[in-house]
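What the coordinates show
Residue-level listing of the chains:
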There are 2 protein chains.
Amino acid sequence: MELGLYTFADVSPEPGPGTIGPHERLRNLIEEIELADQVGLDVFGLGEHHRPDYAASAPVVALAAAAERTKRIKLTSAVTVLSSDDPVRVFQQFATLDLLSGGRAEIMAGRGSFIESFPLFGYNLEDYDELFAEKLDLLLAIRDQVKVTWHGKLRAPINGRGVYPRPFQDKLPIWIAIGGTPQSAARAGALGLPLALAIIGGEPARFAPLFEIYREAARRAGNDPATLATSLNVHGFIAETTEKAADDFYAPQAEVMNRIGRERGWGPTSRAHFDHARGPGGALFVG
Amino acid sequence: MELGLYTFADVSPEPGPGTIGPHERLRNLIEEIELADQVGLDVFGLGEHHRPDYAASAPVVALAAAAERTKRIKLTSAVTVLSSDDPVRVFQQFATLDLLSGGRAEIMAGRGSFIESFPLFGYNLEDYDELFAEKLDLLLAIRDQVKVTWHGKLRAPINGRGVYPRPFQDKLPIWIAIGGTPQSAARAGALGLPLALAIIGGEPARFAPLFEIYREAARRAGNDPATLATSLNVHGFIAETTEKAADDFYAPQAEVMNRIGRERGWGPTSRAHFDHARGPGGALFVG
C-alpha cells in the first residue's frame, strides 16, 4: 500500500488581511511537497482548476518546481481535466516532468468535476464524455508509440507525427480518476488502467461496487485485475488528537463545502453532519 | 544592457555511444541555468520544438524546475510558438512560473520558424500569420484584465471568463520574437511590445532597418520608442582563445546547419563560410 497527499492549492478568492494569495500559496505548496518527500510519503497530487479560489491551473508547472526539491516521491496531477486539454501537450509536459525527475511523473486523467475549463477552452459540455474517451484514446496512443497516427471526431487528426520528448519511464503511468460513475470505472477496467476513486461525501461502503465493476470489466477485456492498482482519494486532516483535528478542520471544511455547495445546489453543511462524516461510516479521514 | 543565453536543448536524434539523451540533456540544462544565474547573467531562454533532435517541447515545465535552482535570473521562452498553442494555457503556465519564481517569468512569443507544431495540433499553415495575430490579441487581453471577453475567427470565443492564477508581476512581460519579417517588427512596435530579433545567418547590419521599422510603427501608434526594449538573439560560443572557440564550435555548428539545411534546401556549409560568419560582418558570436 502507498500513502500520499493531494491538494488543489486553495487560496483566498479575494485578497485581504489574514488571507493567502497565489504566490505565498505556491511557495507553501513546494515546501509541503518537499516535506512529504522527506517524511516518506509515496505520492503527491496537484489538481487542476480554473477558478479564483485555486492557484493550480497548470499543475505540471508547479510539480516540475517540486521535482527539484524532492528525491523519491511520485508527482501526479489530481486530476488533469483531459477532456478540455490537448493530449499531445499533456503528454509532452508530463514526459518533461518525468525526464526532469528521473521517472517520478504520473498522470491522473479525469473528465472533470468542475466544468469551468470547458467554456474557457471552447469545448461543448454536451460532448463531456465523448471528449474524454477520444482524448484518452489519443493519450494512450502517444504513450504506446513515438509516431502517432490517430483520427477522432472532436480533435484534429495526426498523420504519422512524432511526439517528443519521450519520457524517462518506458510507460508513463496514466491513471483514470472517477467520482462515482460506474461507466467510468468500467472504462478504466476495460483499458487495463489503474483506477483512482474520489469520495468527497457519503458512505465509502456504497462506493465499493465500483471496484467490482472495474475488476469485472478488466477480466472481460482480458486484463488481470490482480495487476491493476487502485486508489482512494478522500478529504482528511491530521492533528495531535482526534478532537483537535476535528475542531481545527471543521471551519475551513465547512467554508469550502458551503462555497462549492452554493454553486451546485447542495444544502448547507453543519457540525453534526461533519461529525457523522468523520465517523466510521463517513468519508472524512480526520484524526 | 542585459546579457543572457538561450538554447533549444538539443539532443542526439538517435541513441548510441557518445550521444546524449533527453534525461541527461534536461538535467544538464538545469545545471546550465543555475550556473548562468550564479555568474550573473540576466536572462535564460528555452525554445519550443516538436522534433526528436530537441528535448524542449514544453519549455515552461523545464523553466519551473530551473526556478527552484536560481535566485535572480529571468526565465523566458525562446520562443513560445504562440500560433499553435492556446493563449489561455500559455498565460496560466507562465503566470504559475512567475508566481513560483517571485516575478522572474517572461514570454517570448513568435510565429514559429519550425512548423512541426502546426500539423501536430491541427492548425493550418495557410493561417500562419492570422493565427499569431489572433492569439497574440487574446494573450494581451488576458494580461490586461482578469475577466476576458474575446471573439476571434480561429479560436473559440471567451465570454467574461476569469483566467487564473494571476501572475506575480503586475504585467507579465510579453516579447515579440521575429526572424526578419518587416511586418512582424511593425506589429510589435504598433502594439508597444518589446522586440527580439533572431539573426542566424547573413550580415547583422542588414537587419538594422527592422529596428527602424519597429520604432517608426511604435511612434505612429503613440508608443514612445525610448521605452521599448529590444534584443538580439544570435548563435555564439566562448572559449579561452578565439581560435579554440572557432575550432571547437565549427563541427557541431556545421552539423546542425547541415541537418536543418537539408530540410530547408540550404546549400551545405563550410569552414570558409563559418570563418566569414564569425568575422566582423557576420552573425556568429564566437571568441
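It should be noted that the structure appears before, not after, this text.
Parameters at a glance
Residues numbered from 1 in each chain as written. Chains lettered and ligands numbered in written order. Predicted model: local features only at pLDDT ≥ 70, side-chain atom pairs only at ≥ 80, totals over all residues. Heavy atoms only, no water. Helix = DSSP H or I, 4+ residues; strand = E, 2+ residues; numbered from the N terminus. Rg over C-alpha atoms; globule rule 2.2 N^0.38 Å. Buried < 20%, exposed > 50% of the residue type's maximum accessible area, 1.4 Å probe, protein only. Contact = heavy atoms within 4.5 Å. Areas by Shrake-Rupley, 256 points an atom, 1.4 Å probe, with all protein chains shown as cover. Core = buried A, V, L, I, M, F, W, Y, C linked by side-chain atoms within 4.5 Å. Buried area = accessible area lost by both parts, 1.4 Å probe. Salt bridge = Lys/Arg side-chain N within 4 Å of Asp/Glu carboxyl O. Polar contact = N/O pair within 3.5 Å; in protein donor to acceptor, adjacent residues only side chain to side chain. Nonpolar A, V, L, I, M, F, W, Y, C, P; charged D, E, K, R; others polar. Least-squares fit on C-alpha atoms with pLDDT ≥ 70 in both. Phe/Tyr/Trp six-rings, centres within 6.5 Å; stacked < 30°, edge-to-face > 60°. Lys NZ or Arg CZ within 6 Å of the ring centre and 35° of its normal. Expected span 1.5 Å × (residues − 1).

The helix and strand inventory of chain A stands at nine helices and 12 strands. Taken against the 2.2 N^0.38 rule, which gives 19 Å for 287 residues, the C-alpha radius of gyration of chain A at 19 Å falls within 12% of a compact globule. Buried residues in chain A amount to 52% of all 287 residues. For chain A, the proportion of contacts with a sequence separation of at least 24, taken over those separated by at least 6, is 65%. Put simply, chain A shows about 12800 Å² of open surface, and 54% of that area lies on carbon and sulfur atoms.

Here we come to the environment of G110 of chain A. Residue and element names in this part refer to chain A. Turning to its location among the elements, G110 is positioned in strand β5 (residues 105-110). Under the relative-accessibility criterion, G110 is labelled buried at 1%. Spatially, the C-alpha atom of G110 lies 8.9 Å from that of G179, the residues being 69 residues apart in sequence. In contact with G110, not counting residues within four places along its chain, are V79, T80, V81, L82, S83, F132 and A177.

Here the focus is the nonpolar core. Among the nonpolar cores identified, the biggest contains 130 residues, and L97 of chain A together with L97 of chain B are the most heavily contacted of them. The residues touching L97 of chain A, leaving out its near neighbours within four places in the chain, are V60, L63, A64, A67, L75 and A105 of chain A together with V61 of chain B. Counting residues in each nonpolar core, the second largest holds nine residues, with A246, A254, F274 and L284 of chain A among its members.

With 47 residues of chain A at the contact, the number on the chain B side is 47 residues. For the pairing of chain A and chain B, the buried interface totals around 4000 Å² over both sides, and the portion due to carbon and sulfur atoms is 61%. Among the residues chain A hides against chain B, the three largest losses belong to E68, R89 and L120 of chain A. Together they make up 18% of the total. Across the chain A-chain B interface, the total number found is eight salt bridges. Taking the shortest distance from any N to any O, the salt bridge between R89 of chain B and E48 of chain A comes out at 3.3 Å. Between chain A and chain B we count 18 residue pairs in polar contact (both at pLDDT 80 or more) in total. Of all elements in the fold, only α1 (22-38), α2 (59-67), α3 (87-100), α4 (117-120) and β7 (158-162) of chain A reach the threshold of two or more residues within the side of chain A that touches chain B. For the side of chain A that touches chain B, the element with the highest residue contribution is α3 of chain A, accounting for eight residues. Counted by class, the side of chain A that touches chain B contains 25 nonpolar, 10 polar and 12 charged residues.

When chain A is fitted to chain B, the best match, at an RMSD of 0.0 Å, comes from turning it 180° and sliding it 0.0 Å along the axis. Expressed as an axis order, the relation between the two copies is that of a two-fold axis. The rotation axis passes nearest to the C-alpha of A65 of chain A in chain A, at a distance of 2.1 Å. Comparing interface residues between copies, 100% of those in chain A also lie at the interface in chain B; the contact surface is shared.

This next bit is on the packing of aromatic side chains. Residues and elements named next belong to chain A. As enumerated under the stated definition, the model contains 14 aromatic pairs over all chains in all. Taking 6.2 Å as the distance between ring centres and 75° as the angle between the ring planes, the aromatic pair formed by Y54 and F114 counts as edge-to-face. On the criterion of sequence distance, the pair formed by Y54 in the loop between β2 (43-46) and α2 and F114 in the loop between β5 and α4 is long-range, its members being 60 residues apart. Neither Y54 nor F114 differs from the other in exposure class; each is buried. Each member of the aromatic cluster is reached from another via a ring pair, and the members are Y6, F8, Y54 and F114. The ring of F114 carries the charged tip of R264 above its face, separated from the ring centre by 4.6 Å.

Residues and elements named next belong to chain A. Cis rather than trans, the peptide bond between A78 and V79 has omega equal to 5°. Residue placement: V79 occurs in the loop between β3 (74-77) and β4 (80-81). A cis amide bond links Y164 to the next residue, P165, at an omega of -5°. Looking at the element boundaries, P165 is found in the loop between β7 and β8 (174-178). A positive phi angle is found at A9, which is not glycine, with a value near 55°. Here A9 is to be found in the loop between β1 (4-7) and α1. Residue classification places A9 among the buried positions, given a relative accessible area of 0%.

Residue classification places P165 of chain A among the buried positions, given a relative accessible area of 4%. Once the C-alpha coordinates of P165 of chain A and F94 of chain A are considered, the two residues, 71 residues apart in sequence, prove to be 9.8 Å apart.

Residues and elements named next belong to chain B. A rise of 1.5 Å per residue sets the reference length of helix α7 (residues 208-220), with its 13 residues, at 18 Å; its end C-alpha atoms lie 19 Å apart and thus fit the reference within 8%. Residues of α7 that are buried in the fold lie against α6 (182-191), β9 (195-199) and β10 (230-234). Remark: G222 follows α7 within two positions and exhibits a positive phi of approximately 85°.

With that settled, the discussion passes to the side chain of T70 of chain A. Here T70 of chain A shows up in the loop between α2 and β3. Not counting the four nearest positions on each side in its chain, T70 of chain A is found in contact with I33, E34, D37, L75 and R104 of chain A.

Residue and element names in this part refer to chain A. Relative to the elements of secondary structure, L46 occurs in strand β2. By relative accessible area, which is 0% here, L46 ends up buried. With 182 residues separating them along the chain, L46 and L228 place their C-alpha atoms 22 Å apart. Those residues in contact with L46, other than ones at most four positions away along the chain, are T7, F8, A9, L29, A56, P59, A62, L63, T76, S77 and A78.

Looking now at the pattern of salt bridges. Counted by the stated rule, this structure contains 53 salt bridges over all chains. With its nearest N and O atoms 2.7 Å apart, the salt bridge here joins R51 of chain B to E116 of chain B. Of the two residues, R51 of chain B sits in the loop between β2 (43-46) and α2 (59-67) while E116 of chain B sits in the loop between β5 (105-110) and α4 (117-120), which places them 65 residues apart along the sequence. Comparing R51 of chain B with E116 of chain B, the two get one shared label, buried. The structure contains a network of salt bridges with shared partners spanning R51, D53, E116, E255, R259 and E263 of chain A.

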